[in-house]
Protein chains: 2
Amino acid sequence: MNYPSQLIEDAVSEISRLPGIGKKTALRLALHLLKREESQTRSLSEALVNMRTKTTYCVKCHNIADDQLCNICSNPRRDQTIICVVVDTRDVLAIESTNQYKGLYHVLGGIISPLEGIGPADLNIESLVARVENQDTDEPVKEVILALSPTMEGDTTAFYLQKKLKPSGVKMSTIARGVPIGGDLEYADEITLGRSIVSRVAYD
Amino acid sequence: MNYPSQLIEDAVSEISRLPGIGKKTALRLALHLLKREESQTRSLSEALVNMRTKTTYCVKCHNIADDQLCNICSNPRRDQTIICVVVDTRDVLAIESTNQYKGLYHVLGGIISPLEGIGPADLNIESLVARVENQDTDEPVKEVILALSPTMEGDTTAFYLQKKLKPSGVKMSTIARGVPIGGDLEYADEITLGRSIVSRVAYD
């Protein structure tokens, strides 16, 4: 395509490197920015560079953070006695958006996958064991919730973590698997439906 | 939602100001940039600011340009005797991507719309008339193609332009309207189909 301007071509090519954004969408976004105030483009590009260059990882839970500790670990109103183990920041945000969890997190940074050559040593597992075992605080960790995807890799990782944390005697649990709320039984796959019968919950 | 980092929250909020990008997509893009080299974020943000601050409008056709003249107007291999009138840069790029047109353009910058209070004086119409009338060049304009949308506003604008350019005696045409190539007759709307019968093309 003959772009009327090299600068637009450059911008479109950079925008379309983002996942899920093709040339057409990139062009639409570029033309949108051209129509708006210069300040919008400036604050967008500053926010991106600041995020990329100034964020770091929380020394406690390995989540993305502005400082040594992330906003969750440094929040005194969070329940310090419970840790939810997730794969990455996206999972933290997904759980945070439910407003159902007030404890802390531990971000593994990946999942055990022999096929991709990712073993336990590549993940933040040692620091999780240390958090659970070295407890000289007023509020020791009482429970570890595993919030991993119900896939082969997720189950393998969960199994490994259970074995590693068992000696500490901490209570362990996993998020419930079953038919999604609002989902029609008819459309649930057999494995999920089968598992939801096996793991049925008794009425109180 | 409780973001673990203020910097990410700022970036997500800036990205989600773009059209068609919600909070979830913005977060996905932000986390993607975090995983990549710092240089990618820097070149993206530089390309955006450069595009926004350094582009200008072509003095001849009002298209977006890096210099006084856009890449199309300054290209000596383009046919200088034919001008295609479009609403905005997006239309120029759409036509360029067909590789079927080798002439110049004229970008109106909008379309006559009494409902939105946009009249002929708000558009780049005087400069189009001047391009067609003041012809002291070796290659005078011989034809003006109107490539406007087949809507009420497009037809009104086309009608106005025909009236304004008639005294110059320039040949005028409009892009063909009809059943889209590859489209099934069954699915064409009645107005398009009706018009394609009225404007039928005789075989040579």
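Residues numbered from 1 in each chain as written. Chains lettered and ligands numbered in written order. Predicted model: local features only at pLDDT ≥ 70, side-chain atom pairs only at ≥ 80, totals over all residues. Heavy atoms only, no water.

Under an unreviewed UniProt entry, the name given to chain A is Recombination protein RecR, and the organism recorded is Dyadobacter luticola. A UniProt comment under Sequence similarities (unreviewed entry) is attached to chain A, and it reads "Belongs to the RecR family." Taken verbatim from the UniProt record of chain A, the Function (unreviewed entry) comment is "May play a role in DNA repair. It seems to be involved in an RecBC-independent recombinational process of DNA repair. It may act with RecF and RecO." (UniProt positions renumbered as here; feature names shortened; annotations may be inferred.)

J.: Give me the lowdown on empty space enclosed by the protein, citing residues and values where you can.
T.: Picture a little ball the size of a water molecule; that probe, rolled over the atoms, points out where space is still empty. Scanning the entire structure with this criterion turns up 1 cavity of 30 Å³ or more. Approximately 130 Å³ is the volume found for the largest cavity. Those elements that provide at least two residues to the lining of the largest cavity are α2 (23–35) and α3 (38–54) of chain A together with α2 (23–35) and α3 (38–54) of chain B. Classifying every residue of the lining of the largest cavity gives 14 nonpolar, no polar and no charged. (1 Å grid on protein atoms, 1.4 Å probe; cavity = no way out; pocket = protein on both sides within 12 Å on 5 of 7 lines; lining within 4 Å. Points joined across faces, edges and corners; volume = space filled by probe spheres on them. Helix = DSSP H or I, 4+ residues; strand = E, 2+ residues; numbered from the N terminus. Nonpolar A, V, L, I, M, F, W, Y, C, P; charged D, E, K, R; others polar.)

J.: An account of the sheet that holds strand β6 (residues 171–174) of chain A is needed here, citing residue identities and associated values.
T.: The strands making up a sheet are joined through hydrogen bonds of the backbone, oriented either antiparallel or parallel. Residue and element names in this part refer to chain A. Reading across the sheet, the 4 strands line up as β4-β3-β5-β6 and stay open at both edges, with parallel pairing between neighbours. Of all the strands in the sheet, the pair left with one neighbour each is β4 (103–107) and β6. Pairs of neighbouring strands in the sheet enclose a mean axial angle of 25°, with direction left out of account. Strands β3 (79–86) and β4 of the sheet are contacted by helix α4 (residues 89–96), whose axis makes an angle of about 160° with β4. Where helix α5 (residues 126–133) meets the sheet, its contacts fall on β3, β4 and β5 (143–146), and the angle it forms with β4 comes to roughly 150°. (Pairing = 2+ DSSP bridges. Axes fitted to C-alpha atoms, helices over the stretch in contact; angles between N-to-C directions. Contact = heavy atoms within 4.5 Å.)

J.: An account of the sheet that holds strand β3 (residues 79–86) of chain B is requested, with residue identities and associated values reported.
T.: All names here are of chain B. Taken in spatial order, the 4 strands line up as β4-β3-β5-β6 in an open sheet, and their pairing is parallel. The two strands at the open ends of the sheet, each matched to only one other strand, are β4 (103–107) and β6 (171–174). Neighbouring strand axes in the sheet, compared pairwise and without regard to direction, differ in orientation by 25° on average. Along the sheet, helix α5 (residues 126–133) contacts β3, β4 and β5 (143–146); its crossing angle with β4, the most-contacted strand, is approximately 150°. The strands touched by helix α6 (residues 152–165) within the sheet are β3, β5 and β6, with β5 carrying the most contacts at an inclination of about 165°.

J.: Let's hear about the pattern of salt bridges: which residues, and what values?
T.: All names here are of chain B. Scanning all chains against the criterion turns up 10 salt bridges over all chains. For Arg 17, the salt bridge goes to Glu 14, with nearest N and O atoms at 3.5 Å. Using a relative accessible area of 13% as the deciding quantity, one classes Glu 14 as buried. (Salt bridge = Lys/Arg side-chain N within 4 Å of Asp/Glu carboxyl O. Buried < 20%, exposed > 50% of the residue type's maximum accessible area, 1.4 Å probe, protein only.)

J.: Describe in detail the layout of surface pockets, supporting the description with residues and values.
T.: Residue and element names in this part refer to chain A. As a volume, the largest pocket reaches approximately 520 Å³. Asp 91, Ala 94, Ile 95, Ala 147 and Ile 175 are, among the 16 residues lining the largest pocket, the residues nearest its centre. It is α4 that contributes the most residues to the lining of the largest pocket, 3 residues altogether. Split by residue class, the lining of the largest pocket holds 12 nonpolar, 3 polar and 1 charged.

J.: Now, about the nonpolar core: what can you tell me, with residues and values included?
T.: In this structure, A:Ile8, A:Ile15, A:Ile21, B:Ile8, B:Ile15 and B:Ile21 are the most contacted members of the largest nonpolar core, which totals 40 residues. Broken down by secondary-structure element, the contributors of at least two residues to this core are α1 (6–15), α2 and α3 of chain A together with α1 (6–15), α2 and α3 of chain B. Setting aside its immediate chain neighbours within four residues, A:Ile15 contacts A:Ile21, A:Ala26, A:Leu29, A:Ala30, B:Leu44 and B:Leu48. (Core = buried A, V, L, I, M, F, W, Y, C linked by side-chain atoms within 4.5 Å.)

J.: Any chance you could break down the side chain of B:Arg52 for me, citing the residues and the numbers?
T.: Its place among the elements puts B:Arg52 in helix α3. A distance of 2.6 Å separates a polar side-chain atom of B:Arg52 from the backbone oxygen of A:Arg36. Residues in contact with B:Arg52, not counting those within four places in the same chain, are A:Leu33, A:Leu34, A:Arg36, A:Glu37, A:Glu38 and A:Thr41. (Polar contact = N/O pair within 3.5 Å; in protein donor to acceptor, adjacent residues only side chain to side chain.)

J.: Any details on the relation of the copies chain B and chain A? Residues and values, ideally.
T.: After a rotation of 180° and a shift along the axis of 0.0 Å, chain B superposes on chain A with an RMSD of 0.1 Å. Accordingly, the operation relating the two chain copies is best matched by a two-fold axis. Closest approach to the rotation axis among the C-alpha atoms of chain B is made by B:Ser45, whose C-alpha sits 2.3 Å away. Same-surface contact between copies: 100% of interface residues of chain B are shared with the interface of chain A. (Least-squares fit on C-alpha atoms with pLDDT ≥ 70 in both.)

J.: Can you tell me about the domain arrangement of chain A, naming the residues and giving the values?
T.: The domains assigned to chain A are domain 1 (6–54) and domain 2 (70–174). Here the C-alpha centre of domain 2 of chain A lies 36 Å away from the C-alpha centre of domain 1 of chain A. (Domains from an automatic or database assignment.)

J.: Tell me about the UniProt feature "zinc finger region: C4-type" (unreviewed entry) in chain A, and please be specific about residues and values.
T.: Using the residue numbers shown here, the UniProt feature "zinc finger region: C4-type" (unreviewed entry) corresponds to residues 58–73 of chain A. What you have in residues 58–73 of chain A is 0% helix and 12% strand, and the ends, taken at the C-alpha atoms, are 8 Å apart.

J.: An account of the packing of α3(A) against α2(B) is needed here, citing residue identities and associated values.
T.: Packed helices, taken two at a time, are described by the angle between their axes plus the distance between the axes. Between α3(A) and α2(B), the least distance of the axes is 9 Å, while the angle of their chain directions is 50°. The orientation of α3(A) relative to α2(B) falls into the category oblique. The way α3(A) lies across α2(B) gives a crossing that is right-handed. Where α3(A) abuts α2(B), its residues A:Leu48, A:Met51 and A:Arg52 lie against B:Ala30, B:Leu33 and B:Leu34. For the contact of α3(A) with α2(B), the class distribution of residues is 5 nonpolar, no polar and 1 charged. (Parallel < 35°, antiparallel > 145°, perpendicular 65-115°, else oblique. Left-handed = near helix turned anticlockwise from the far one by under 90°.)

J.: Can you break down the pairing of β3(A) residue by residue, with the values?
T.: All names here are of chain A. Among the 8 residues of β3, 7 are classified as buried, and the element is accordingly described as predominantly covered. In this fold, β3 hands off to α4, which returns the chain to β4; that crossover is right-handed. Bridge count for β3 against β5 is 4 bridges, and the pairing is parallel. Looking at the pairing, Val 85 lines up with Leu 146 of β5. (Right-handed = clockwise from strand over helix to strand, strands pointing away.)

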